[in-house]
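Here's the letter readout for the chains.
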Amino acid sequence: MAGRTVTRADLCEAVYQRVGLSRTESAALVESVLSEICDCLERGETVKLSSFGSFVVREKGERIGRNPKTGVEVPIEPRRVMVFKPSNVLKARINGESAADGED
Amino acid sequence: MIKSELVMRIAEQNPHLYQRDVENIVGAILETIADALARGDRVELRGFGAFSVKRRDARMGRNPRTGETVAVAEKAIPVFKTGKEMRNRLNRDGVGEDDADDDAGEPGGVAPLAAAR
């Protein structure tokens, strides 16, 4: 099952196939879509992409961590992390179900 | 921001494209990612992050309302790991931007943004 890795090049190819644009322009548009999403998240905004999922920025407070190798306690600074919440449609698709029956 | 707003912004930056084209572009990107995950493939987008699929074994769950046990079948779930560059961008104003020992505590996990870039 461990398949291949899909990259930007594949996304560009998909855009190229579907929309009648040049390869160069397809690549540029994939880039602007991704950077628009990144910019939004950087501002702390949630990005919701229906039937795909949403990206949410969470503020983590400071906590005491531990170096797993040495056991030394180290403070973990407050920071922002981003989490992806897959939509029910995406989850169903990955499990080979139809989109309608999202949750059990 | 929702999908239609994303489409609008991209359309504004590209006045030579129809909104319909931009919808197709965004759709093609998301569908390509979803298709890959449905096949069990990984999706790696440098500077953003990586999507992959993890198997969850079948387990005995519990209906939280009634307390009765129910069998939960094996399933696959999509997971996303934020890329290094994105992680740094989220904390740009903050302190300690050295990511030298950033990945130290991640045993054998996915390292989407390994060396390149």
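Once a new chain begins, its residue numbering starts again from 1 and follows that chain's sequence as written. Here the convention is simple: chains get letters from A, ligands get numbers from 1, in the order in which they are written. Reporting in this predicted model follows two pLDDT cut-offs: at least 70 for local features of residues, and 80 or more for side-chain atom pairs to be given and counted; totals over whole chains, interfaces and linings ignore these cut-offs and use all residues. The side-chain quantities take in all heavy atoms of the structure and omit both hydrogens and water.

J.: Mind showing me how you'd approach the interface of chain A and chain B here?
T.: In many reports, interface size means the accessible area that the parts give up when they come together. Only heavy atoms matter for contacts: two residues are in contact if any of them lie within 4.5 Å across the pair. Tallying the contact residues gives 50 residues for chain A and 50 residues for chain B. The buried area of a pairing is the accessible area, by a 1.4 Å probe, that goes missing from both parts when the two are put together, added over both. When the buried area of chain A at its contact with chain B is split by residue, Arg-18, Met-82 and Ile-94 of chain A rank highest and sum to 14% of it. A carboxyl oxygen of Asp or Glu within 4 Å of a side-chain nitrogen of Lys or Arg is what we treat as a salt bridge. Connecting chain A to chain B are 6 salt bridges. Here a polar contact is recorded for every N or O atom pair within 3.5 Å, except that within protein the pair must consist of a potential hydrogen donor and a potential acceptor, and residues adjacent in sequence are included only if both atoms are side-chain atoms. Here chain A and chain B share 22 residue pairs in polar contact (both at pLDDT 80 or more) between them. Contributing elements (two or more residues each) for the side of chain A that touches chain B: β1 (5-6), α1 (8-18), α2 (23-42), β2 (47-49), β3 (53-60), β6 (79-86) and α3 (88-94) of chain A. Working definition: helices are DSSP H or I runs of at least four residues, strands are E runs of at least two. Numbering for both runs from the N terminus. The dominant element in the side of chain A that touches chain B, judged by the number of residues it contributes, is α2 of chain A, at 13 residues. Under the scheme applied, nonpolar residues are Ala, Val, Leu, Ile, Met, Phe, Trp, Tyr, Cys and Pro; charged residues are Asp, Glu, Lys and Arg; polar residues are all the others, including Gly. Grouping the amino acids of the side of chain A that touches chain B by side-chain chemistry returns 26 nonpolar, 8 polar and 16 charged. The sheet contact formed by β1 of chain A and strand β1 (residues 42-45) of chain B spans 2 bridges and is parallel. Looking across to β1 of chain B, one finds that Thr-5 of chain A is bridged to Arg-42 of chain B. When DSSP finds at least two bridges between two strands, those strands are taken to pair.

J.: Would you mind showing me how to read the pairing of strand β4 (residues 69-72) of chain B here?
T.: For a regular strand, side chains alternate in direction, first toward one face of the sheet and then toward the other. Residues and elements named next belong to chain B. Direction of pairing for strand β3 (residues 59-62) relative to β4: antiparallel, over a ladder of 4 bridges. Counterpart to Arg-62 in the pairing with β4 is Thr-69. Between the antiparallel neighbours β3 and β4 lie 6 residues, among them Gly-67 with a positive phi of about 80 degrees.

J.: How should the pairing of strand β2 (residues 49-56) of chain B be read in this particular structure?
T.: Residues and elements named next belong to chain B. Note: β1 against β2, 3 bridges, orientation antiparallel. Of the residues in β2, the one forming a bridge with Leu-45 is Gly-49. Counted along the chain from β1 to the antiparallel partner β2, the turn is 3 residues long, and its residue Gly-47 has a positive phi close to 85 degrees.

J.: In this structure, what is going on with the domain arrangement of chain B? I would like to understand it.
T.: Residues and elements named next belong to chain B. Boundary definitions for the domains trace back to an automatic or database domain assignment. In terms of domains, chain B is made up of domain 1 (1-40) and domain 2 (42-99 + 108-117). Facing the 4 residues of domain 1 at the interface are 7 residues of domain 2. Counting each side, the surface lost to burial between domain 1 and domain 2 is near 450 Å², with a carbon and sulfur contribution of 84%. Counting across the interface, domain 1 meets domain 2 through 0 salt bridges. Run the count over domain 1 and domain 2 and you get 0 residue pairs in polar contact (both at pLDDT 80 or more). Class assignment for the residues of the side of domain 1 that touches domain 2 results in 3 nonpolar, 1 polar and no charged.

J.: Would you mind going over the nonpolar core with me for this structure?
T.: Side chains of a nonpolar character, in soluble globular proteins, are inclined to be buried together. Leu-41 and Phe-55 of chain A together with Phe-48 and Phe-51 of chain B are the most contacted members of the largest nonpolar core, which has 48 residues in total. If you tally residues by element for this core, the top one is helix α2 (residues 19-39) of chain B, at 10 residues. Leave out the neighbours within four places in its chain, and Phe-55 of chain A touches Leu-41, Thr-46, Val-47, Leu-49, Met-82, Val-83 and Phe-84 of chain A together with Phe-48, Phe-51 and Phe-80 of chain B. Think of a nonpolar core as a cluster: buried Ala, Val, Leu, Ile, Met, Phe, Trp, Tyr and Cys residues, connected wherever their side-chain atoms sit within 4.5 Å. Categorising residues by exposure relies on relative accessible area from a 1.4 Å probe, with only protein chains included: less than 20% of the type maximum marks a residue as buried, more than 50% marks it as exposed, and the intermediate range marks it as partly exposed.

J.: Hey, could you run me through unusual backbone geometry in this one?
T.: Negative phi is the rule for most residues except glycine; trans is the rule for most peptide bonds. All names here are of chain A. Phi angles above zero are rare outside glycine, and Ser-51 is one such case at about 60 degrees. In this fold, Ser-51 is placed in the loop between β2 and β3. Classification of Ser-51 by relative accessible area gives partly exposed; the value is 43%.

J.: Can you help me understand helix α1 (residues 3-13) of chain B in this one?
T.: Each full turn of the α-helix corresponds to 3.6 residues, which orients residues three or four apart in the same direction. Residues of α1 of chain B that are buried include every one of Leu-6, Val-7, Ile-10 and Ala-11 of chain B, and no others. An end-on view of α1 of chain B places all buried positions within 135 degrees of arc, on one side of the element. Along its buried surface, α1 of chain B packs onto α2 and β2 of chain A together with α2 of chain B. Our arc is simply the arc of the directions from the helix axis toward the C-beta atoms.

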